[in-house]
Amino acid sequence: MRVGVLAAWWLVLTGLLVWAASRFQGFPLAAAREAAVADHAFRFLMLMASPVFTLVMAALLYSVLSRRGQGDPPEPPPYVPEHPAVPRVWFALTAALAAYVIYNPGLVGLAEMREVPLSQLLGSSPGGRVRLASLGGAEGDLVVRVRASRWLWQFEYPEQGIAARELVLPVGRRVRFEVTATDIVHSFWVPAFRTKIDAVPNLTTYLHVTPTRTGSFEESVDLRVQCAELCGVGHALMASPVRVLEPEKFDAWVAQQARR
Ligand SMILES: [Cu+2]
């Protein structure tokens, strides 16, 4: 009977949690192809973790309520494992789940974000170094060089021969960011894109993003470049607005910047 009560608690709590999660609207604006991959992974992991969390909570609630008001036992009961198979099954099951999520959405999602086959993501480069950390992914349509300094961002468009202090991008084109820093370690992060990469002095790191909707910082604060690595007193204010435009408006912006 005890198992039945516990199972009922578990079912009720799981139902409540999944219902609340399905109504959750608190995600930041999603404005890139990569954001959809990241949000899918987040929802999937939450769904996987929910029954584990509620089982622990159900056992806790059941234990607290069923032992209420009975005082301390006269002497501590001896530890007798009732079902030695239970911890083994629990361990095997959670280990298998952990291995599964490392693969999918972990590695599969990373390959999807970088638009490369999984085999290429895991293969080693000719120099023998693991590519996982250094691989930027498939080529982009537009290159933007990002330079981080205490406490500002600078953007350079080498193919267009222009530079700017705000990040302006065309919608629907794959952008290759080449990121570096001039002083200390910073981190390039646009909340609406859900991707992030460290900006390191004397090193270029790569990030690829395909914006999927037009918008600006004035419409959503999630469209901003925000430093995500604590870098001193100006860290929290180290942000630049992001503007995503229709391709023809982007070309007009480039022409206007070039004339300056
Ligand atoms: Cu910072």
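See the structure shown above.
Residues numbered from 1 in each chain as written. Predicted model: local features only at pLDDT ≥ 70, side-chain atom pairs only at ≥ 80, totals over all residues. Heavy atoms only, no water.

Enquirer: Would you mind going over the coordination of the copper ion with me for this structure?
Expert: Octahedral metal centres with six donors ideally show angles of 90 or 180 degrees, and tetrahedral centres with four donors ideally show 109.5 degrees. Protein-derived ligands of the copper ion are Cys227 (SG), Glu229 (O), Cys231 (SG) and His235 (ND1), with the metal-ligand distances lying across 2.1 to 2.5 Å. Coordination at the copper ion comes from four donor atoms whose angles at the metal span 86 to 130 degrees, giving a geometry best classed as tetrahedral. Judged by relative accessible area, which is 3%, Cys227 ranks as buried. (Donors = N, O, S within 2.8 Å, 3.2 Å for Na, K, Ca; no water. Tetrahedral: all angles 85-135°; square planar, octahedral: opposite > 155°, others 65-115°. Buried < 20%, exposed > 50% of the residue type's maximum accessible area, 1.4 Å probe, protein only.)

Enquirer: Hey, could you run me through the packing of aromatic side chains in this one?
Expert: Think of a pair of aromatic rings as described by two things: how far the centres are apart, and how the planes are tilted against each other in angle. If you walk through the whole model with that rule in mind, you get eight aromatic pairs. Here Trp153 and Phe188 contribute two aromatic rings whose centre-to-centre distance is 5.8 Å and whose plane-to-plane angle is 75 degrees, an arrangement assigned as edge-to-face. Linking Trp153 in strand 2 (residues 152–157) with Phe188 in strand 6 (residues 186–190), this pair joins segments that are 35 residues apart in sequence. Each of the two residues, Trp153 as well as Phe188, counts as buried. Ring centres 6.3 Å apart and planes at 45 degrees place the aromatic pair Tyr157 and Phe250 in the tilted group. Here Tyr157, found in strand 2, pairs with Phe250, found in helix 5 (residues 247–259); they are 93 residues apart in sequence, far enough to count as distant. Comparing Tyr157 with Phe250 shows no difference in burial state: the two are buried. Members of the aromatic cluster, connected to one another through ring pairs, are Phe24, Phe27 and Phe42. A cation over an aromatic ring shows up here: Lys196 above the ring of Trp189, its NZ or CZ 5.3 Å from the ring centre. (Phe/Tyr/Trp six-rings, centres within 6.5 Å; stacked < 30°, edge-to-face > 60°. Helix = DSSP H or I, 4+ residues; strand = E, 2+ residues; numbered from the N terminus. Lys NZ or Arg CZ within 6 Å of the ring centre and 35° of its normal.)

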